Amino acid sequence: ATVNLRALTSWVGIARLFAVVLSCLSFSLVASTQHFGGPYGTWCMFTWCFCFALTLLVLLLELLELYPLLPLSWDDFTSAFSMLAALMVFTSSVVFPTTFISSPCSSNLCARQAVATTASCLCFLAYAVEVALTRAKPGDISSFLSTVPGLLKVFEAYVACLIFSLLDRYNGVPGLMWCVAVYSICFIITLLIIIFTIGRCLTYIPCSLEKVLVGYNFLALLMYLTATVLWPLYSFRGQSRPDPCGRNCWWDKHLGVTFLTIFNLIAYLVDLVYSSRMVFV
């Protein structure tokens, strides 16, 4: 192995170093409070630890120039991971203070939680800077997951995961079950595209990959359009918000799924536009 100091001194390397330090600071401060129980706290701790460990591994592999030995597309992997990490840390930066920080914030416990939240927000900015620095220039498609359609694939898969975490009370309702099928089918296909791209398997497809992606994006857009209409129609028809409606209230979860469905609908629309421009313009 040889040492490549540019892996640490380049702008991308500096952004990754900031992400490592800030994610470490976040989970260390929260761990010191011993106040992160429940699914939301566990998710936030997992996010910070996962991003810290994998970013540190990426830095080490690039520093020692060992990444060419891996049987994967390194540029696609790092682009997908930085986008995923940015989304995960952003979610944790919103969920953690909403769940665990109460007002007024005056105790030592609350101060550490506030600093951890601030570090998490700065960590999100570090990953966002990395995404911006590694994004492919217009016309460059050598690394698909660093292009706008590739980054949108990661966004679409992540939003689908958030939708799955909020699904509740849909069995026995045909309209809602169709929506769940839409979320599942699009998530599986999008995830396979990401995995096959990183694993350099898409070259074995005996047809025009770009046109296949355009066709898939169009189909996914139509399916999400039906889910955008059917999910709120069958979820809230004849049912008002319960009073009281606690933290795990089904009504709030269904409202969250509604907004996330709209976000993914917009993402697939933008994805279709960019993919079509790459193929036909």
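Residues numbered from 1 in each chain as written. Predicted model: local features only at pLDDT ≥ 70, side-chain atom pairs only at ≥ 80, totals over all residues. Heavy atoms only, no water.

Operational definition: UniProt positions are given in the numbering used here, feature names are shortened, and annotations may be inferred rather than shown by experiment.
By the naming in an unreviewed UniProt entry, the protein goes by MYADM protein and is assigned to Pomatostomus ruficeps. Its UniProt record gives the protein the following Sequence similarities (unreviewed entry) comment, quoted word for word: "Belongs to the MAL family." Taken directly from UniProt, the Subcellular location (unreviewed entry) text for the protein runs: "Membrane".

Describing the overall build of the protein
What counts is decided by this rule: What counts as a helix is a DSSP run of H or I of at least four residues, what counts as a strand is a run of E of at least two, and both are numbered from the N terminus. For this measure, only C-alpha atoms enter the radius of gyration; the expected value for a globule follows 2.2 Å times N^0.38, where N is the number of residues. Each residue's exposure class comes from its accessible area (1.4 Å probe, protein chains only) as a fraction of the maximum for that residue type: buried when under 20%, exposed when over 50%, partly exposed otherwise. Here, two residues are considered to be in contact whenever any of their heavy atoms come within 4.5 Å of each other. Using the Shrake-Rupley algorithm and a 1.4 Å probe, accessible areas are obtained, with residue cover drawn only from the displayed protein chains. The convention is simple: Lys and Arg are positive, Asp and Glu are negative, and His and the chain ends are not counted. Every charge is mapped to an atom, namely NZ of Lys, CZ of Arg, CG of Asp or CD of Glu.
Secondary structure assignment for the protein yields nine helices and zero strands. The C-alpha radius of gyration of the protein comes to 21 Å, within 12% of the 19 Å expected for a compact globule of 281 residues. With the C-alpha coordinates of the protein rotated into their principal frame, the extents come out at 65 × 60 × 25 Å. Taking all 281 residues of the protein together, 45% fall into the buried category. Expressed as a percentage of contacts within the protein between residues at least 6 apart in sequence, the contacts between residues at least 24 apart total 78%. A total accessible area of about 14,400 Å² is found for the protein, and carbon and sulfur atoms account for 71% of it. In the protein, 14 positive and 12 negative side-chain charges are present, and the distance between their average locations comes to 5 Å.

Looking at a nonpolar patch on the surface
The condition is simple: Residues enter patches when they are more than 30% accessible in relative terms and free of salt bridges; like-charged ones are connected within 9 Å and nonpolar ones (Val, Leu, Ile, Met, Phe, Trp, Tyr) within 5 Å. Salt-bridge detection follows one rule: a side-chain nitrogen of Lys or Arg within 4 Å of a carboxyl oxygen of Asp or Glu.
Residues Phe259, Ile262, Phe263, Ile266, Leu269, Val270, Val273 and Tyr274 make up a contiguous nonpolar surface patch of about 660 Å² in total accessible area. Relative accessible area serves as the criterion here: at 42%, Leu269 is assigned to the partly exposed category.

Notes on the domain arrangement of the protein
Our working rule: An automatic or database domain assignment provides the domain bounds reported here. Here the quantity called buried area is the accessible surface, traced with a 1.4 Å probe, that two parts lose on coming together, added over both. Distance and chemistry together define a polar contact, namely a pair of N or O atoms within 3.5 Å, with one atom able to donate a hydrogen and the other to accept it when in protein, and with adjacent residues in sequence counting only for side-chain atoms on both sides.
Examined at the domain level, the protein breaks down into domain 1 (1-141) and domain 2 (147-280). Placing a centre on the C-alpha atoms of domain 1 and another on those of domain 2 gives a separation of 25 Å. Contact with domain 1, which involves 19 residues of that partner, is made by 12 residues of domain 2. Of the roughly 1,500 Å² buried where domain 1 meets domain 2, counting both sides, 74% is carbon and sulfur surface. At the junction of domain 1 with domain 2, the criterion picks out zero salt bridges. For the pair domain 1 and domain 2, the number of links is three residue pairs in polar contact (both at pLDDT 80 or more).

Re the UniProt feature "transmembrane region" (unreviewed entry) in the protein
The UniProt feature table records "transmembrane region" (unreviewed entry) at residues 12-31, 43-61, 81-102, 114-133, 175-202, 214-234 and 254-274. Secondary structure content for residues 214-234 is 100% helix and 0% strand, while the C-alpha to C-alpha distance between its ends is 30 Å.

So, the side chain of Thr147
Following the sequence through the fold, Thr147 ends up in the loop between α5 (108-134) and α6 (148-166). At 2.5 Å, the side chain of Thr147 forms a polar contact with the backbone oxygen of Phe144.

Focus on the UniProt feature "domain: MARVEL" (unreviewed entry) in the protein
Summarizing the sequence annotation, UniProt attributes the feature "domain: MARVEL" (unreviewed entry) to residues 7-139 and 144-280 in the numbering used throughout. As a span, residues 144-280 carries 75% helix and 0% strand, and end to end its C-alpha atoms are 17 Å apart.

Remarks on the packing of α6 against helix α9 (residues 250-280)
Here is the rule we go by: Orientation is described by axes fitted as lines to C-alpha atoms, over the contacting stretch for helices, and by angles from 0 to 180 degrees between their N-to-C directions. Should an angle fall under 35 degrees it is called roughly parallel, over 145 degrees roughly antiparallel, and 65 to 115 degrees roughly perpendicular, with every other angle called oblique. Crossings are classed by handedness, with left-handed meaning an anticlockwise turn of the near helix from the far one by less than a right angle and right-handed meaning a clockwise turn. In this classification, Asp, Glu, Lys and Arg are treated as charged, Ala, Val, Leu, Ile, Met, Phe, Trp, Tyr, Cys and Pro as nonpolar, and every other residue, Gly included, as polar.
Where α6 meets α9, the closest approach of the two axes is 9 Å, and the angle between their N-to-C directions is 165 degrees. In this view, α6 runs roughly antiparallel relative to α9, as classed from their interaxial angle. You can see that α6 and α9 cross each other, and the crossing is left-handed. Considering only residue class, the contact of α6 with α9 consists of 17 nonpolar, four polar and four charged.

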